[in-house]
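The residues making up each chain are set out below.
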Amino acid sequence: MTDYMLWKNEIVERKPENAMVSFEDRGYQFGDGVYEVIRIYDGKLHVLDWHLDRLFYSMEQLAIRAPFSRSEIKQLLKQLIEKNKFTIDGKIYLQVTRGIQPRDHVYMEDLDALFYATVDRFDQPVEMWDKGVKVMLQEDIRWLRCDIKSLNLLGNVIARTKAQRSGYHEPLFHREGIVRECGASNFYMIKDGVIHTHPTNHYILGGITRKKVLLFAKELEIPVKEREIKVEELQDADECFLTATPLEVVPIIQIDKNPVNNNEIGDITKRLQQYYRKRIYDYLE
Ligand SMILES: Cc1ncc(COP(=O)(O)O)c(C=O)c1O
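Residues numbered from 1 in each chain as written. Predicted model: local features only at pLDDT ≥ 70, side-chain atom pairs only at ≥ 80, totals over all residues. Heavy atoms only, no water.

Peer 1: Provide a residue-level description of the pattern of salt bridges, including the pertinent values.
Peer 2: A complete count under the given rule lists 26 salt bridges for this structure. Arg-65 is the salt-bridge partner of Asp-112, the closest N and O atoms lying 3.1 Å from each other. Taken as a pair, Asp-112 in the loop between strand S5 (90–97) and strand S6 (114–121) and Arg-65 in the loop between helix H2 (48–61) and helix H3 (70–83) lie far apart in primary sequence, 47 residues in all. Two residues, Arg-180 and Glu-228, come together in a salt bridge whose shortest N-O distance is 3.3 Å. Here Arg-180, found in strand S9 (residues 178–182), pairs with Glu-228, found in the loop between strand S12 (224–226) and strand S13 (229–230); they are 48 residues apart in sequence, far enough to count as distant. Judged by relative accessible area, which is 2%, Arg-180 ranks as buried. The exposure class assigned to Glu-228 is partly exposed, which follows from its relative accessible area of 36%. (Salt bridge = Lys/Arg side-chain N within 4 Å of Asp/Glu carboxyl O. Helix = DSSP H or I, 4+ residues; strand = E, 2+ residues; numbered from the N terminus. Buried < 20%, exposed > 50% of the residue type's maximum accessible area, 1.4 Å probe, protein only.)

Peer 1: Explain the pairing of S5 to me, using residue names and the numbers behind them.
Peer 2: Among the eight residues of S5, six are classified as buried, and the element is accordingly described as predominantly covered. One ladder, built from eight bridges, connects strand S3 (residues 33–41) with S5; its direction is antiparallel. Among the inter-strand pairings, Ile-38 is bridged to a residue of S5, identified as Ile-92. Pairing geometry for S5 and S6, over eight bridges, is antiparallel. Paired with Gln-95 across the bridge in S6 is Tyr-116. (Pairing = 2+ DSSP bridges.)

Peer 1: A description of the domain arrangement of the protein chain should follow, citing residues and the corresponding values.
Peer 2: Looking at the protein chain, the domain boundaries give domain 1 (4–121) and domain 2 (126–282). In this assembly, 24 residues from domain 1 lie in contact with 23 residues from domain 2. For the pair domain 1 and domain 2, the summed buried surface comes to about 2,100 Å²; carbon and sulfur atoms form 61% of the total. The largest per-residue losses of area from domain 1 upon contact with domain 2 belong to Tyr-35, Trp-50 and Arg-54, which jointly make up 33% of the total buried on that side. (Domains from an automatic or database assignment. Contact = heavy atoms within 4.5 Å. Buried area = accessible area lost by both parts, 1.4 Å probe.)

Peer 1: Which residues make up the site of the ligand, and what values do they have?
Peer 2: Around the ligand sit 17 residues, and of these Arg-54, Glu-181, Ile-208, Thr-209 and Thr-245 come closest. Within the side chain of Lys-149, an N or O atom sits 3.0 Å from an oxygen atom of the ligand. Contact distances for the ligand include 2.6 Å between an oxygen atom and a side-chain N or O atom of Thr-209. Taking 380 Å² as the accessible area of the ligand by itself, protein coverage stands at 92%. Mapped by element, the contributors of at least two residues to the shell around the ligand are S9, helix H6 (208–219) and strand S14 (239–244). Considering only residue class, the shell around the ligand consists of five nonpolar, eight polar and four charged. (Near = heavy atom within 4 Å. Polar contact = N/O pair within 3.5 Å; in protein donor to acceptor, adjacent residues only side chain to side chain. Areas by Shrake-Rupley, 256 points an atom, 1.4 Å probe, with all protein chains shown as cover. Nonpolar A, V, L, I, M, F, W, Y, C, P; charged D, E, K, R; others polar.)

Peer 1: I'd like a rundown of the nonpolar core, residues and numbers included.
Peer 2: Grouped together as the largest cluster of nonpolar side chains are 26 residues, with contacts concentrated most on Leu-77, Ile-92 and Val-96. Only S3, H2, H3, S5 and S6 provide two or more residues apiece to this core. Examining the composition of this core, we find that five residues originate from one element, H3, more than from any other. Not counting residues up to four positions away in its chain, the partners in contact with Leu-77 are Leu-6, Ile-38, Leu-45, Leu-48, Ile-92, Leu-94 and Ala-117. (Core = buried A, V, L, I, M, F, W, Y, C linked by side-chain atoms within 4.5 Å.)

Peer 1: Which residues make up the packing of H2 against H6, and what values do they have?
Peer 2: In contact at an axis separation of 10 Å, H2 and H6 are set at 130° when each is read in the N-to-C sense. Here H6 runs oblique to H2, going by the angle between their axes. Relative to H6, the crossing made by H2 is right-handed. Judged by residue contacts, Trp-50, His-51 and Arg-54 of H2 engage Ile-208, Lys-211, Lys-212 and Leu-215 from H6. (Axes fitted to C-alpha atoms, helices over the stretch in contact; angles between N-to-C directions. Parallel < 35°, antiparallel > 145°, perpendicular 65-115°, else oblique. Left-handed = near helix turned anticlockwise from the far one by under 90°.)

Peer 1: I'd love a proper account of the sheet that holds S5, names of residues and values included.
Peer 2: By way of backbone hydrogen bonds, the strands of a sheet pair with one another, either parallel or antiparallel. Read across the open sheet, the six strands follow the order S2-S1-S6-S5-S3-S4; overall the sheet is antiparallel. Each of the sheet's edge strands pairs with one partner strand only, and the pair in question is strand S2 (10–13) and strand S4 (44–45). The pairing of strand S1 (residues 4–7) with S2 spans four bridges and is classified as antiparallel. Its bridge partner lying in S2, Met-5 is registered against Val-12. Contacts between H3 and the sheet are confined to S1, S2, S3, S4, S5 and S6, with S1 contributing the most and set at about 160° to the helix.

Set out below in structure tokens:
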């Protein structure tokens, strides 16, 4: 664990007594807030502006008054890294809650939003990259604004717990017969050399890694189709993979009890994985 955290506008020692939350904080009572997870490589922030775009989008969609400007939060996050003398691979967790008021579903408009951030070591998930993971199909019971990176993650919490207790890495959510995304990552299927993935809308989180992977696919001249994939199409998939900020590109080798590509990592997935790694250092600040 690192020694310092960002608490509101200050870098403080990372001790519980330095960052106390009121029982009337709306994040505590309703999960009324948003968050970001930002990857750090060699002590530098990765695609920071893309994460801040999404953070401001999430706050705007929920009418949370941003407690900082883009340049202020950039500076604070960099100070947090510096103060911790953090020069290795890791990730930042940044959370904003709407503020404090007596419990009421209806929020007041003039609340002061609260925020904190921590930085922690995160080692490369080499085993997942090399061996792939299994996913478990589950009905998507989340709300219908999955495009907002909301703190309220009960649907994900229940599904991911069930998946992991059953020996799978992630749930693979489906709703109305359509494959949506995983519990904490975006999903892709490769068929006849084409990458298929869900379009960005309210059914999925528009992943930062997804955006990057689609850009890299273009650079590698691998065709992409953003479209709804039916659950029954999965049985004919040539390859599948998932993406998320901490994990980058991870092959999926099994869906429920069914092997994908004979439990082997496919060529296109491997190419994307390697290319993603190679290009990381072009997006640091
Ligand atoms: C539901 C969900 N989908 C997709 C993602 C991947 O998003 P990103 O690539 O921005 O980490 C996440 C990440 O936490 C997630 O929680």
